[in-house]
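Tertiary structure, described
Read off the chains here:
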Amino acid sequence: MAELDTLDVVVLGAVLVGTAAYFTKGKLWAVPKDPYANAFGAAGAGAKAGRTRNFIEKMEESGKNCIIFYGSQTGTAEDYASRLAKEGKSRFGLETMVADLEEYDFDNMDTVPEDKIVMFVLATYGEGEPTDNAVEFYEFVTGEDATFSESNEPALGNLNYVAFGLGNNTYEHYNSMVRNVDKALTKFGAHRIGDAGEGDDGAGTMEEDFLAWKDPMWAALAEKMGLEEREAVYEPTFGITERPELTSDSPEVYLGEPNKAHLQGTAKGPFNAQNPFIANIAETRELFNAKDRNCIHMEVDISGSNLSYQTGDHIAIWPTNAGDEVDRALDIFGLTDRRADVVSVKPLEPTAKVPFPTPTTYDAIFRYHLEIGAPVSRQFVATLAAFAPNDEAKAEMTRLGSDKDYFHSQTNNKFYNITSFLSSVSKGAKWTVPFSALIEGITKLQPRYYSISSSSLVQPKKIAITAVVESQALPGRKEPFRGVATNYIYALKQKQNEDANPTAYGLTYELAGPREKYTGIQVPVHVRHSNFKLPSDPGRPVIMIGPGTGVAPFRAFVQERAKQAQDGADVGKTILFFGSRNSKEDFLYEPEWAEYKKILGDKFELITAFSRETSKKVYVQHRLKEHATEINELLSKKAFFYVCGDAARMAREVNAVLAQIIAEGRGITEAKGEEVVKGMRAANQYQEDVWS
């Protein structure tokens, strides 16, 4: 056969390319884009390449005159920022946008036009630290990198701002984030409108603190900026579109997957707060010996991931809502028969973000994405009054939403979530609420963080968790309050140990995950690094106070010190104060302490306080006082002091007792003793891992 000349080859090649293009059109190229798609990226929600980091430019482009920045660790600050944006638009006609602090730069804050409003909603994390997404902003504004300088012409004299902080008064550096940012901005000449608000999670008043702050703030803002209040009318932030051409079996439909990579089965690291690792559960066991209470020890296998942890870190568990709660939510909103219907959710203005990937189903939204078990918010009650099923319910909702004292008289100690609350008010009548209002008003289901109770030196690829299953009887209600994540963990434990039914107290969970992809016993997780750490020198003495599950990180600490001793290190004195109700029922890890004692000998001392075994209740702070001489001696040797557990009472009392011990041992006043404790905190010699 004669060889093809050059022209023949070119023509043949062109024909082949054209043929291939014809048959692959719409498959490999010119693929029609889903007009409703909101596909989340492989490691996060809606990240867009090339997005501007100039927030002033972004405001100008989108026609906004008010931007609300949030620094959030658990989602509450983000929720408050969204609520401010919604209210600013509906009441005053402001063109608002909500913004994540880490997505923008701030070196041009001195050029913000005077007719723009900048709001900051800032949570304080741990011992006075910024939240993860606010670190760069905080360092820029309060550090030496700020390009603004104090002069006769204030660098930020053009900036009109509003500030609200979220904190916990059980920590020494209460609301330091908002306080320090407010101080820095005013130093540079910025004008704060209204007071810098402070919410207190430690006192349990966060929501009411926010509501009490915002009304005078809006009044001050309206006066300063010449805003006119109008009758607030609900305007949806999101458009909901039915997708009858899709079903829950369609491969592009999200059924609870957090992003596109998980949907397509290609998820890989980095695994983080936007992208969990689906980890195998290696082991679960019961730690309590009680009929009516449970505490689960769970070992999570992170092999096959790029996850790592250090002793003292936290692990995040991504829970799902109980099936019973999902059913109740679908029922009260009249969506039971439509639970499998596919919908797409699109923002109706360019700066809004849909908090979950779509297209998806109503069932998946309630099961995986909305915090339907959270306590009901008075502000959300006021919003929903307009959609009450009858005049009686509307009147009651209006009163509940506007009268703080009445609201609390009707809700205190009842742990109402949105479903149980609405059902109670309407006496079971169904509610027809715009679905956008539910997405806006119910916070996003958040991962739960647990102190890791294993040593990374001993088991680098297995993370231990210690969790009491939360259950509380409620007056006047048949069903007790059940914690979302701990009951999910309990259900996983039941499934793994082949109990009769893999349900937690009758609560049903989709333990196999979206599309039953969680083969075996698996759970979505990520790791959050912590500053709660053993001293780098194993020879330094340590004193640990950890009642109840507060003992979790100290199991890890003692486990690590035992390993260091076995490896030949000279380990310093290690004292653990542990407390619980009863030595026969809830003495956590009792057999293990004896094993560590064999390894560490006199270097390890366990001091217990069982509150229900004596006529007078004895707690860890009492035991600490009893051992004042030894504690003072160890502190003189620069011992590290650790507290983990309840912040509201235990941690405060331990702090006070330690100050007394120091004062008495050193012959100084108690006030001076308190100053010494503050100095220990500042030097990281006194560390806390506490919760409200």
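This section reports on the structure supplied with the text. None of these values were measured; they are calculated from a predicted model.

Glancing now at the nonpolar core. Core analysis: the largest hydrophobic core is formed by 41 residues, its most contacted members being Phe333, Phe366, Met397, Phe421, Leu422 and Trp431. When residues no more than four places from it in sequence are discounted, the contact partners of Leu422 are Ile332, Phe333, Leu384, Met397 and Trp431. Counting 32 residues, the second largest nonpolar core, distinct from the first, contains Tyr450, Val469, Ala485 and Leu492.

Attention now moves to the sheet that holds strand S12 (residues 342-347). With respect to topology, 3 strands assemble into an open sheet ordered S8-S12-S13, the strand pairing being antiparallel. What marks the edges here is a single partner per strand, and that holds for strand S8 (238-242) and strand S13 (360-361). Relative to S12, S8 is paired through 5 bridges, and the arrangement is antiparallel. Paired with Thr241 across the bridge in S12 is Ser344.

All right, on to the environment of Asp215 then. Turning to its location among the elements, Asp215 is positioned in helix H6 (residues 206-225). Each C-alpha atom, one on Asp215 and one on Gly194, is 9.8 Å from the other, the two residues being 21 residues apart in sequence. Beyond its immediate sequence surroundings of up to four residues, Asp215 is in contact with Glu87 and Arg91.

Turning our eyes to something else, we now look at the side chain of Asp100. Relative to the elements of secondary structure, Asp100 occurs in strand S2 (residues 96-100). Here Asp100 occupies a buried position and makes no salt bridge, while the nearest side chain of opposite charge, Lys353, is found at 5.3 Å. If we ignore the near neighbours within four places in the chain, the residues touching Asp100 are Tyr70 and Asn133.

With 4 bridges joining them, strand S9 (residues 277-286) and strand S18 (residues 522-528) adopt antiparallel strand pairing. Residue pairing in the sheet places Ile278 in a bridge with Pro524 of S18. Sheet topology note: the S9/strand S10 (residues 295-301) ladder contains 6 bridges and is antiparallel. Looking across to S10, one finds that Arg285 is bridged to His297.

For the pair helix H3 (residues 76-92) and H6, the least separation of the axes is 12 Å and the interaxial angle reads 35°. Both H3 and H6 take part in a crossing whose hand is right-handed. Residues Tyr80, Arg83, Leu84, Glu87, Gly88, Arg91 and Phe92 of H3 form the contact with H6, whose participating residues are Met206, Glu207, Phe210, Leu211, Trp213, Lys214, Asp215, Met217, Trp218 and Ala222. Residues of the contact of H3 with H6, tallied by class, amount to 10 nonpolar, 1 polar and 6 charged.

Pairing in this open sheet of 6 strands is antiparallel, and the strands run S14-S11-S18-S9-S10-S15 from one edge to the other. Edge positions in the open sheet fall to strand S14 (448-451) and strand S15 (462-468), since each of these has one partner strand only. Across the sheet, the axes of successive neighbouring strands diverge by a mean angle of 40°, strand direction being ignored. Alignment of S10 against S15, held across 7 bridges, turns out to be antiparallel. Within S15, the position partnered with Val300 by the bridge is Ile463.

A surface patch of like charges, here negative, comprises Glu102, Asp132, Glu136 and Glu139. By relative accessible area, which is 62% here, Glu136 ends up exposed.

Packing of helix H11 (residues 391-402) against helix H12 (residues 404-411) leaves a shortest axis separation of 5 Å and a crossing angle of 110°. For the element pair H11 / H12, the angle class is roughly perpendicular. The segment H11 lies against H12, with Glu396, Arg399, Leu400 and Ser402 engaging Lys404, Tyr406, Phe407 and Gln410. Here the contact of H11 with H12 is built from residues that sort into 3 nonpolar, 2 polar and 3 charged.

Our next topic: unusual backbone geometry. A cis geometry characterises the amide bond from Gly269 onward to Pro270, with omega recorded as 5°. Among the structural elements, Pro270 can be located in the loop between helix H7 (260-264) and S9. Here the bond from Thr358 into Pro359 is cis, since omega is 5°, no more than 30 degrees from zero. Topologically, Pro359 is positioned in the loop between S12 and S13. Backbone geometry places Lys427, a non-glycine residue, at a positive phi of 55°. Position of Lys427 among the secondary structure elements: in the loop between helix H13 (418-426) and helix H14 (435-441). Residue Lys427 is classed as exposed on the basis of its relative accessible area, which comes to 65%.

Reading guide: rules and limits
Residues numbered from 1 in each chain as written. Predicted model: local features only at pLDDT ≥ 70, side-chain atom pairs only at ≥ 80, totals over all residues. Heavy atoms only, no water. Core = buried A, V, L, I, M, F, W, Y, C linked by side-chain atoms within 4.5 Å. Buried < 20%, exposed > 50% of the residue type's maximum accessible area, 1.4 Å probe, protein only. Contact = heavy atoms within 4.5 Å. Pairing = 2+ DSSP bridges. Helix = DSSP H or I, 4+ residues; strand = E, 2+ residues; numbered from the N terminus. Lys, Arg positive; Asp, Glu negative; His and termini not counted. Salt bridge = Lys/Arg side-chain N within 4 Å of Asp/Glu carboxyl O. Axes fitted to C-alpha atoms, helices over the stretch in contact; angles between N-to-C directions. Left-handed = near helix turned anticlockwise from the far one by under 90°. Nonpolar A, V, L, I, M, F, W, Y, C, P; charged D, E, K, R; others polar. Patch = residues over 30% accessible without salt bridge, like charges linked within 9 Å, V, L, I, M, F, W, Y side chains within 5 Å. Areas by Shrake-Rupley, 256 points an atom, 1.4 Å probe, with all protein chains shown as cover. Charge placed at Lys NZ, Arg CZ, Asp CG, Glu CD. Parallel < 35°, antiparallel > 145°, perpendicular 65-115°, else oblique.

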